[in-house]
Amino acid sequence: MDYFSSDFKLGILGGGQLGKMMLYETRKFDIHTKVMDASKDAPSRIACNDFTIGDLLDFDAVYNFGKQVDVLTIEIENVNTAALEKLEQEGIKVYPPTKALHIIQNKAKQKLFYIDNDIPTAPFSRFAYASEIKESIEHESLDFPFVWKSAQFGYDGQGVKIIRSIDDLEGLPPGECITEKMIPFKHELAVIVARSAKGEVITYPVVEMEFHPEANQVEYVICPARIDEKVAQKAREIALKVSDRIQHVGLLAVEMFQTHEDEILVNEVAPRPHNSGHYSIEASYTNQFEQHIRAILNLPLGNTESKVAGIMVNLVGAEGHTGDVVYQNIEEILQLDGVTPHIYGKRQTRPFRKMGHVTIVNKDLDQARKIAQQVKETIKVIARTAQ
């Protein structure tokens, strides 16, 4: 198949920042792209060849969009899989395959998949309704503290809550969910695995993630992770096992906990480019977005090694700010060595909304971490009216 400067069409479901960054790479290769998103202001709109407004969970919208492309991929998991299955049956290449998406879309199914495949993960319970959690606590089969997760549609810290007392159950969505044992851990890690349609597989280096305690979002991603090589090797092996069992095509981000005993437990996975790989745009020989394109088009996979140490800082909306966005002090961070801001193109900010990220590259990881701290403390994502 000739993908470059040809009639080939690549479809992307979802027009958010991940799609926008994927489109940097398709433009580099001159690959014709079509994107569908529910929002007319989606960040990807400016970078694709054709933009369609449509609901990603609507069967007809997804099916009709998919019929216009040769290969269909996603930048968000919450899509109509029945439509994707029909497209697959009719010969459209869908990556990741619908089988893999079915497992990943639902957190309860994902956890059961780990158990069935002997993949280490935190102990959990599954509930059809959130109201059943109270009964489990009363019968003493569930102890505080634990983590509540909505089985479906959780994203960017939404659909996850730490439950420390009965009061924390107030206001939880009523539907299917899981509870997980709280794992005391040393580090949160992630490994991105790339798998091509013909089965070539490669991993990126293990990264370390530092989280915001309230928003449950990643604040810093550090590459390479500051961990022992034996632990890193174990993390890569487990990520490869997950990849092999799920049989995805494209990228699979595997998020993990490193316990105090240096065990590795899989937390959850995402079958697409991922926040934990953004550092790769500046730091890696082949960034994660180019790698995803290579994998789904069955092209040779690129070198995943880093040229230099890389750290990513997420730019999220400041608390108490909702409205037209202003990136305060962005000129100040641009004066720092090795600092590159990526602004996603969302005109409206709100508390903890992901609005962009900043990568910091440096030969010295400790120096990169210091600059990352400076970036975090300097730039502010605020609303114009609140200045």
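For the structure itself, consult the block above.
Reading the values: rules and limits
Residues numbered from 1 in each chain as written. Predicted model: local features only at pLDDT ≥ 70, side-chain atom pairs only at ≥ 80, totals over all residues. Heavy atoms only, no water. Helix = DSSP H or I, 4+ residues; strand = E, 2+ residues; numbered from the N terminus. Buried < 20%, exposed > 50% of the residue type's maximum accessible area, 1.4 Å probe, protein only. Phe/Tyr/Trp six-rings, centres within 6.5 Å; stacked < 30°, edge-to-face > 60°. Lys NZ or Arg CZ within 6 Å of the ring centre and 35° of its normal. Expected span 1.5 Å × (residues − 1). Axes fitted to C-alpha atoms, helices over the stretch in contact; angles between N-to-C directions. Parallel < 35°, antiparallel > 145°, perpendicular 65-115°, else oblique. Left-handed = near helix turned anticlockwise from the far one by under 90°. Contact = heavy atoms within 4.5 Å. Core = buried A, V, L, I, M, F, W, Y, C linked by side-chain atoms within 4.5 Å. Pairing = 2+ DSSP bridges.

### A look at unusual backbone geometry
For step 1, the next point in the chain: A cis geometry characterises the amide bond from Tyr 95 onward to Pro 96, with omega recorded as 5 degrees.
For step 2, the next point in the chain: One non-glycine residue, Glu 140, lies in positive phi territory at about 60 degrees.
For step 3, the next point in the chain: Mapping Glu 140 onto the fold places it in the loop between α6 (131–138) and β7 (146–150).
For step 4, the next point in the chain: Residue Glu 140 is classed as exposed on the basis of its relative accessible area of 67%.

### So, the packing of aromatic side chains
For step 1, the next point in the chain: Throughout the structure, instances matching the rule amount to seven aromatic pairs.
For step 2, the next point in the chain: Between Phe 59 and Tyr 63 the ring centres are 6.0 Å apart and the planes differ by 15 degrees, which places this aromatic pair in the stacked class. Of this pair, Phe 59 and Tyr 63 both sit in helix α2 (residues 59–66), separated by four residues, roughly a single helical turn.
For step 3, the next point in the chain: Here Phe 59 falls in the partly exposed class, since its relative accessible area comes to 31%.
For step 4, the next point in the chain: You can call Tyr 63 buried: its relative accessible area is 16%.
For step 5, the next point in the chain: Aromatic rings pair up to connect Tyr 3, Phe 4, Phe 8 and Phe 29 into one cluster.
For step 6, the next point in the chain: Seen from the ring of Phe 29, Lys 28 lies directly overhead, with NZ or CZ sitting 5.6 Å from the centre.
For step 7, the next point in the chain: For Arg 369, the ring lying beneath its charged end belongs to Tyr 220, and the centroid distance is 4.1 Å.

### Examining helix α11 (residues 365–378)
For step 1, the next point in the chain: In this model, α11 (14 residues) spans 20 Å end to end at C-alpha, consistent with the 20 Å of a helix rising 1.5 Å per residue.
For step 2, the next point in the chain: For α11, every residue scored as buried is listed here: Leu 365, Ala 368, Arg 369, Ile 371, Ala 372, Val 375 and Thr 378.

### Focus: helix α1 (residues 17–29)
Counting along an α-helix, one turn takes 3.6 residues, and residues three or four places apart therefore face a common direction.
For step 1, the next point in the chain: In this model α1 runs 19 Å from its N-terminal to its C-terminal C-alpha over 13 residues, within 8% of the 18 Å that 1.5 Å per residue would give.
For step 2, the next point in the chain: Within the span of α1, buried status applies to Gln 17, Leu 18, Gly 19, Lys 20, Met 21, Met 22, Leu 23, Glu 25 and Thr 26.
For step 3, the next point in the chain: Two residues or fewer past α1, Asp 30 is found with a positive phi of approximately 55 degrees.

### Quick notes on the packing of α2 against helix α3 (residues 81–89)
For step 1, the next point in the chain: Taken N-terminus to C-terminus, the directions of α2 and α3 make an angle of 30 degrees; their axes are 8 Å apart at the nearest point. When the axes of α2 and α3 are compared, the pair comes out roughly parallel. The hand of the α2/α3 crossing is right-handed. Here α2 contributes Phe 59, Val 62, Tyr 63 and Gly 66 to the contact with α3, which in turn contributes Ala 82, Ala 83, Leu 84, Lys 86 and Leu 87.

### Looking at the nonpolar core
For step 1, the next point in the chain: Counting residues in hydrophobic clusters, the biggest one holds 25 residues, and the most contacted among them are Val 206, Val 242, Val 254, Met 256, Val 266 and Val 269.
For step 2, the next point in the chain: When contributions to this core are tallied by element, the ones reaching two or more residues are α4 (98–105), α5 (107–116), β10 (185–195), α7 (229–246), β14 (250–259) and β15 (264–270).
For step 3, the next point in the chain: With seven residues, α7 is the single largest residue contributor to this core.
For step 4, the next point in the chain: With near-sequence residues (within four places) excluded, Val 269 lies in contact with Glu 77, Ile 104, Gln 110, Tyr 114, Val 242, Ile 246, Leu 252, Ala 253 and Val 254.
For step 5, the next point in the chain: Core analysis: the next-biggest nonpolar cluster, separate from the first, contains 24 residues, Phe 8, Val 35, Ile 281 and Phe 289 among them.

### Notes on the sheet that holds strand β17 (residues 323–328)
For step 1, the next point in the chain: Sheet architecture is open: three strands sit in the order β19-β17-β21, paired in antiparallel fashion. Unpaired on one side and paired on the other, β19 (348–349) and β21 (380–383) mark the two borders of the sheet.
For step 2, the next point in the chain: Here β17 pairs with β19 via two bridges, running antiparallel. Note on β19: the bridge partner recorded for Asp 324 is Gln 348.

### Digging into the sheet that holds strand β5 (residues 93–94)
For step 1, the next point in the chain: If you trace the five strands from one edge of the open sheet to the other, you get β3-β2-β1-β4-β5, paired in parallel fashion. The open sheet has two free edges, formed respectively by β3 (50–53) and β5, since each of these has just one partner strand.
For step 2, the next point in the chain: For strand β1 (residues 9–13) and strand β2 (residues 32–37), the ladder comprises five bridges, and the chain directions are parallel. Its bridge partner being in β2, Lys 9 is matched across the sheet by His 32.

These figures come from the coordinates and say nothing about function on their own.
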